[in-house]
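Structural characterization, general
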Amino acid sequence: MTSVTQPLSPPYEAVIGLEVHVQIKTASKVFTRVATGYGYEPNTLTDPVVLALPGALPVMNKAALDAIIKAGLLLGCDIAPVCKWDRKNYFYPDSPKNYQISQYDMPICLGGAVEIELPGAARNVMGEHKEIPLTRIHLEEDVGKLNHGAGDSLVDYNRAGTPLMEIVSEPALRSAEEAYAYLTSLRATMIYGGISDCDMEKGQLRCDANISIRPVGQAALGTKVELKNLNSISYVRDGIAHEIKRQIGVVERGGVIAQETRDFDGMTGTSQSLRSKEEAHDYRYFPDPDLMPVQVDAAWKDRLRAECPELPFLKQRRFLADYQLPYTLTSVLVWDRALADYFEEAVKLAGVAKAQTIGNWIVNDLLRELGTAKIALVAAKIRPAHLVALVGLVDSGAVLANAAKEIFVEMFATGDQPQAIAERRGLKSAPTDRGELEQWCRDAIAGNPKAAAEFKAGKESAINAFKGPVMKASKGKANPKLVDETLRRLLAAS
Amino acid sequence: MSQPTQLNIDHVANLARLALTPEEKATFAAQLGSVLHHIEQLVRVDVSGVEPTAHAFPVVNVWAEDVAGPALPVAEALRNAPAQRDHMIVVPKVVE
Amino acid sequence: MSSELFHQPITALAAALEAGTLSAVELTGAVIARTKAVEPAVHAFNSHDEAGALAQAAASDARRAAGQGRGALEGIPIGLKDVIAVAGQPLTASSRMLANFVSPYDATVTMRLKQAGAVLWGRLNCDEFAMGSSTENSAFGPASNPWDVTRVPGGSSGGSAAAVAAGEAIATLGSDTGGSIRQPAALCGVVGLKPSYGLVSRFGLVAYASSLDQIGPFARTVEDAAMVLGAIAGHDERDSTSFRAEIPDYRAELRARRGPWKLGIPREYFGDGLDPAIGAAVEKAIAHYRGLGCEIREVSLPHTQYCLDTYYIIATAEASSNLARYDGIRYGHRAQGARDIVDLYFKSRAEGFGAEVKRRIILGTYVLSSGYYDAYYLRAQKVRTLIRQDFLNAYREVDALITPTSPIPAFKLGEKSDPLAMYLCDIYTIGVNLAGLPALSVPCGFTGDRLPIGLQLIGQPFREADLLAIAQAYERDHDWKTQYPAL
Ligand SMILES: [Mg+2]
Ligand SMILES: [Zn+2]
């Protein structure tokens, strides 16, 4: 609560830098050829190198290098022509060698940026876009896993040696929202590039945040606090928001921010100090004599550049321009590469004019069915051609909108062609027997000479007076287009 | 270049996770002092513009293709473990 | 010439085995019997498995009988320094830390010896983690010099050298980081070869200083050393520092390469501190080469005086990191009653490591610690470049260099208590490791009190064939190899 005696605090701004670790999707580990994997029996994915047995030596994994260079290209980094491997020395039971092979002063990727979009004024309005600059990306090895028991801890080295990218941003983020947007965009980029699945539950993407606050307008940075264990994207937002509030609180109570590392508990939404920077490490980095340097030439980069996909925001701009889609549709379509490809395949078959109709089917109906069936798009029986065929039936008037919805559901379940389903289920608009329809129309016109006269006199809307009775006679099954045509033909003839 | 007297044996032993007895500290400090004193003469070498040698015969891009090979059987992986439970290595409770 | 089986060279034994006048079981039996007889005095081994060796020998005889002999070393008992992994056998590095460690895998050299048909015999004593020049740093007690058991065999591969000298193995493997093959070879009167860095895989070698370590053979003759080298040399994709070099048939090349050669005498290697008897023996060897028509030239390696310091910075820095894995967590000695995980590290390492290892870990940790990296490690790596350059410059004039291997002959056990004095034993051998060059020690005489003297020949990168030929040209005309210690 505020009172008049309390001085008004200056507006503060937060300065946030993120350190994101992303596991690279490879078959074998980064410095030895035993398999990588998640959820295996403890210590079944080890070998002499992973366990750091006496005499074991590391050998680089080519695929891990390809992946990080690709990531660098996707994010617009400069790829170092030469980079080397360094040992980061520190003792911890999850680190078998008690040093981590990493990159210290010569990382493989420098600079670059992550494009983010902030929430718009409304759901259907595009928000502001920003480029968050990166400091560097380097390759290193993951550590094992500690399982904490009552009186002791148990170590499982299955994860140790998994290739890990460390993506370090500049302190250029200003809010929890921006951090959230940054991770969302970065995650999509990695998934698009096939670099990682970024499943945070499986620890494939992990995030630490460096947070400080300062009065708006002040150039100097405040004391930064490192926030650890932000192990879901929403925890990142909550944790950072909480930390900013905490720091402002401390300052407003006249306290000073201590440089420390804090642990955020997403469950309770609280954080606690892990260690103060006084016990900062001395990692004794030096070049790993067991490994040779990496030299990246233009040909290598070109080969990987050719494999780089179009990123979500570029795709979105293209969808908006080329297909005239509403923003809300694009914002759903582009974040899932498979969904976007599905959409474009369908539009190729149906023509650009049908883009929005197809977009609506995908975003409303297809996603709903995938959700209830809990399956991925690739597993869906319904292919773009099915969807295009259905849209065609609706346009020709062969099926009505509400019937089409039913057909879609069955099409999703069976993978049958819409035509077949419509016939099987009697969902085609009827009657096709023009004789019967013509009779109903004649009766309707005969039954309302006044409207017939008005129509002939030029009152367009008068025609609607006959449609009700015809629909009634057809029990709502008559095809409105056909009814309209027939009425006009008969009225003109009469 | 630093003076050997700057060898803070407690700090260094802590980094190296080595418990040293007072006797060891005393002897090591003295012995390493003379070794470091000997090493001091390296200042005299003119190394301006000289590239460091990390490997006698450096080559680049030594790697293997990403093909997963066999793992050590758990029994082999843990055969030398001082303490194990549920196929995992037991260590004193780790706080952080 | 001794008629004892265990004193014969591989060349003679291989011929007898091939001719069927000798079986691998007989030969291995003789070596085992000899070991039992002299081991109490020599202590060249940390452990050995007689039944296992005899089983390998029987398998070798069976292969040969079936016409499926494997290679040049079929049936030959070869000992391995206790820093080289053999699946299912102890791997202690002569350290309390690994007293009970059993390797679950084979080193690459181990696999190659098996492929060559060798009978792997025993785990040879050495300085703890190969740190030392006398084998006195072994946690399991020092090895002795077969020529005088009150003296050291040298080190760190002292057990490997002593075993060959005493006839406890026909040949052995050791490792050389600053002279650990050549210096004990010299002190024990056998041939010891340190290959070019990268010629022999380090996979499965307990790492001391990764950028300097190399595995190499000890043998009775140069030709034997050539045969063992041929079996273990060659590229290995499991060692990223392994070099893709042509591997000739070293034994055949001995006959092909007859010289004469241009040989360089680095003046810096004949300064004060060199034992006169050794100096004289080396001068005689040089004279012999001159007599063979070789052109002898004095050359200079101006940065020689900095080798020792450069070595102790680089080697201990790498060692401090390489030995961090010995923490009592996954394997090795774990202290009892530790308060917490950090206390467990402190106590396990304090109890598991000996004094010299602790000393080098402290020094290496210090030179890498915050604020000192540039002044020590980086500077040492630059001086290393200059030292390497010295050798390459010399090789523009000469094919190889001749020096003493060790400034002094075998010294008394317990004689050298000061580490620095001990480090000075390696002044003639360390430069070779820093430059990554091949070098060997071949016997070239005895001192007044019949202690062996070694001649060091330093060759050009990956030109081991020439180096061996040059050594054999001297060995051929001398009978040092047919003299044996009276045990
Ligand atoms: Mg980091
Ligand atoms: Zn990291």
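Residues numbered from 1 in each chain as written. Chains lettered and ligands numbered in written order. Predicted model: local features only at pLDDT ≥ 70, side-chain atom pairs only at ≥ 80, totals over all residues. Heavy atoms only, no water.

Attention shifts here to the sheet that holds strand β17 (residues 286–287) of chain A. Taken in spatial order, the three strands make up an open sheet running β6-β5-β17 (chain A), and their pairing is antiparallel. In this open sheet, the two strands that pair with only one neighbour each are β6 (99–102) and β17 of chain A. (Pairing = 2+ DSSP bridges. Helix = DSSP H or I, 4+ residues; strand = E, 2+ residues; numbered from the N terminus.)

Our focus in this paragraph is the interface of chain A and chain C. Listed by partner, the interface residues are 29 residues for chain A and 38 residues for chain C. For chain A, the biggest contributors to the area lost against chain C are Pro-54, Leu-57 and Phe-91 of chain A; these three give 22% of the whole. Where chain A packs against chain C, one counts one salt bridge. With a closest N to O distance of 3.1 Å, Arg-202 of chain C and Asp-290 of chain A form a salt bridge. Where chain A meets chain C, there are 18 residue pairs in polar contact (both at pLDDT 80 or more). Of all elements in the fold, only β5 (86–89) and β17 of chain A reach the threshold of two or more residues within the side of chain A that touches chain C. Here the residues of the side of chain A that touches chain C are counted per class, giving 21 nonpolar, three polar and five charged. (Contact = heavy atoms within 4.5 Å. Buried area = accessible area lost by both parts, 1.4 Å probe. Salt bridge = Lys/Arg side-chain N within 4 Å of Asp/Glu carboxyl O. Polar contact = N/O pair within 3.5 Å; in protein donor to acceptor, adjacent residues only side chain to side chain. Nonpolar A, V, L, I, M, F, W, Y, C, P; charged D, E, K, R; others polar.)

This paragraph deals with the interface of chain C and chain B. You'll often see interface size given as the accessible area lost when the parts meet. Facing the 61 residues of chain C at the interface are 53 residues of chain B. Of the roughly 5,200 Å² buried where chain C meets chain B, counting both sides, 69% is carbon and sulfur surface. Of all residues in chain C, Phe-346, Ile-362 and Arg-379 of chain C give up the largest surface area on contact with chain B, accounting jointly for 13% of the area buried on that side. For the interface between chain C and chain B, the tally reads one salt bridge. Among the ionic pairs, Lys-358 of chain C bridges to Glu-24 of chain B, the shortest N-O distance being 2.9 Å. Across the chain C-chain B interface, the total number found is 18 residue pairs in polar contact (both at pLDDT 80 or more). Contributions of two or more residues to the side of chain C that touches chain B are made by α10 (307–322), α11 (341–352), α12 (355–368), α13 (374–394) and α14 (419–423) of chain C. Examining the composition of the side of chain C that touches chain B, we find that twelve residues originate from one element, α13 of chain C, more than from any other. Here the side of chain C that touches chain B is composed, by residue class, of 35 nonpolar, 15 polar and eleven charged.

Attention shifts here to the sheet that holds strand β3 (residues 88–92) of chain B. Strand order in the open sheet formed by four strands is β10(A)-β11(A)-β3(B)-β2(B), with antiparallel pairing between adjacent strands. Taken across any chain shown, the strands that pair with only one partner, and hence form the sheet edges, are β10 (145–148) of chain A together with β2 (84–85) of chain B. Strand direction decides the pairing type here: strand β11 (residues 152–156) of chain A and β3 of chain B, joined by four bridges, are antiparallel. By the bridge assignment for β3 of chain B, Asp-152 of chain A is matched with Pro-92 of chain B.

Here we take up the packing of aromatic side chains. Counting across every chain of the model gives 33 aromatic pairs over all chains. An angle of 85° between the planes, with centres 4.8 Å apart, marks the rings of Tyr-311 of chain C and Tyr-312 of chain C as edge-to-face. Per residue, the accessibility class of Tyr-311 of chain C equals that of Tyr-312 of chain C, and both read buried. Sitting above the plane of the Tyr-180 of chain A ring, Arg-237 of chain A keeps its charged end 3.7 Å from the centroid. The residue whose ring lies beneath Lys-405 of chain A is Trp-361 of chain A, and the NZ or CZ to ring-centre distance is 5.0 Å. (Phe/Tyr/Trp six-rings, centres within 6.5 Å; stacked < 30°, edge-to-face > 60°. Buried < 20%, exposed > 50% of the residue type's maximum accessible area, 1.4 Å probe, protein only. Lys NZ or Arg CZ within 6 Å of the ring centre and 35° of its normal.)

Residue and element names in this part refer to chain C. Ranked by internal contacts, the top residues of the largest apolar core, which has 200 residues, are Leu-73, Phe-129, Tyr-289, Phe-391, Leu-457 and Leu-468. A total of nine residues in this core trace back to one element, the largest contributor, which is α10. In contact with Phe-391, other than residues within four places in its own chain, are Tyr-269, Leu-301, Leu-401, Gly-431, Val-432, Ala-435, Leu-437 and Ile-458. (Core = buried A, V, L, I, M, F, W, Y, C linked by side-chain atoms within 4.5 Å.)

This part is about the coordination of the zinc ion (ligand 2). Residues and elements named next belong to chain A. Looking at the zinc ion (ligand 2), one finds its protein donor set to be His-21 (NE2), Glu-140 (OE) and Glu-166 (OE), positioned 1.9 to 2.1 Å from the metal centre. Here the donor residues of the zinc ion (ligand 2) share one chain and are spaced in sequence as H-x118-E-x25-E. Between the two metals, the zinc ion (ligand 2) and the magnesium ion (ligand 1), the spacing is 3.9 Å, and Glu-166 donates to both. Highlighted residues: His-21 in strand β1 (residues 12–23) and Glu-166 in strand β12 (residues 163–169), separated in sequence by 145 residues. Accessibility expressed as a relative area gives 11% for Glu-166, which makes it buried. (Donors = N, O, S within 2.8 Å, 3.2 Å for Na, K, Ca; no water.)

As a further point, take α10 of chain C. Taking 1.5 Å of rise per residue, the 16 residues of α10 of chain C would be expected to cover 22 Å, and the 22 Å separating its terminal C-alpha atoms lies within 8% of that figure. The element α10 of chain C is largely enclosed, with a buried count of 16 among its 16 residues. (Expected span 1.5 Å × (residues − 1).)

Next up on the list: helix α2 (residues 176–192) of chain A. All names here are of chain A. Helix length check: α2 (17 residues) gives 24 Å between terminal C-alpha atoms against 24 Å at 1.5 Å per residue, within 8%. With twelve of 17 residues buried, α2 lies mostly within the body of the structure. Among all positions of α2, only Ala-176, Glu-178, Ala-179, Ala-181, Tyr-182, Leu-183, Ser-185, Leu-186, Ala-188, Thr-189, Met-190 and Tyr-192 are buried. One or two positions beyond α2, positive phi appears at Gly-194, with a value near 70°.

Let us now look at the pattern of salt bridges. What the rule picks out here adds up to 69 salt bridges over all chains. A salt bridge links Glu-76 of chain B to Arg-79 of chain B, with the shortest nitrogen-to-oxygen separation between them at 3.4 Å. Among the ionic pairs, Lys-114 of chain C bridges to Asp-106 of chain C, the shortest N-O distance being 2.7 Å. Overall, the relative accessible area of 29% leaves Lys-114 of chain C in the partly exposed class. Take Asp-106 of chain C: its relative accessible area is 13%, and that puts it in the buried class. One salt-bridge network, in which partners are shared between bridges, spans Lys-62, Asp-66, Lys-70, Arg-303 and Glu-307 of chain A.

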